[in-house]
Amino acid sequence: MQKEVFKLFDALAQRNRIEIIKLLSDGKPRYISEIAEKVRLSRTATSYHLDVLESVGIVEHEYVIIKEPQSVGRLGSYYKLNEKKLKEALEEIYKILPKL
């Protein structure tokens, strides 16, 4: 369990990832381009940070068909915060901290 907590610390120890978590905390699923625009990062950097957050379960994504007028649609994915996992992660971190 302690190994997981260290992975969580690593995942959360970056300002851009905290900004992504704050953005997703409104509960609205968002596409990577929207996240990148809001946190002012490239799509590549945003994708990297989302992958890190997803690897510890804090963020999850789903694939959807995006329908556009006069087209058959395209495959896209949107990201959302896994609030349950974030709560669990914060509780685990709190457990290893000295009592305040």
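Residues numbered from 1 in each chain as written. Predicted model: local features only at pLDDT ≥ 70, side-chain atom pairs only at ≥ 80, totals over all residues. Heavy atoms only, no water.

Trainee: Can you walk me through a nonpolar patch on the surface in this structure?
Mentor: Where nonpolar side chains cluster on the molecular surface, the patch consists of Phe 6, Phe 9, Tyr 94, Ile 96 and Leu 97 and spans about 460 Å² of accessible area. Put simply, the parts of the chain that give the nonpolar patch at least two residues each are α1 (2-12) and α5 (83-96). Its place among the elements puts Tyr 94 in helix α5. Assessed through its relative accessible area of 46%, Tyr 94 is described here as partly exposed. (Patch = residues over 30% accessible without salt bridge, like charges linked within 9 Å, V, L, I, M, F, W, Y side chains within 5 Å. Areas by Shrake-Rupley, 256 points an atom, 1.4 Å probe, with all protein chains shown as cover. Salt bridge = Lys/Arg side-chain N within 4 Å of Asp/Glu carboxyl O. Helix = DSSP H or I, 4+ residues; strand = E, 2+ residues; numbered from the N terminus. Buried < 20%, exposed > 50% of the residue type's maximum accessible area, 1.4 Å probe, protein only.)

Trainee: Just checking my understanding: could you explain unusual backbone geometry for this structure?
Mentor: With the exception of glycine, most residues fall at negative phi, and the peptide bonds are largely trans. One non-glycine residue, Arg 40, lies in positive phi territory at about 60°. Along the chain, Arg 40 turns up in the loop between α3 (32-39) and α4 (43-55). On the accessibility criterion, Arg 40 (76% relative accessible area) is exposed.

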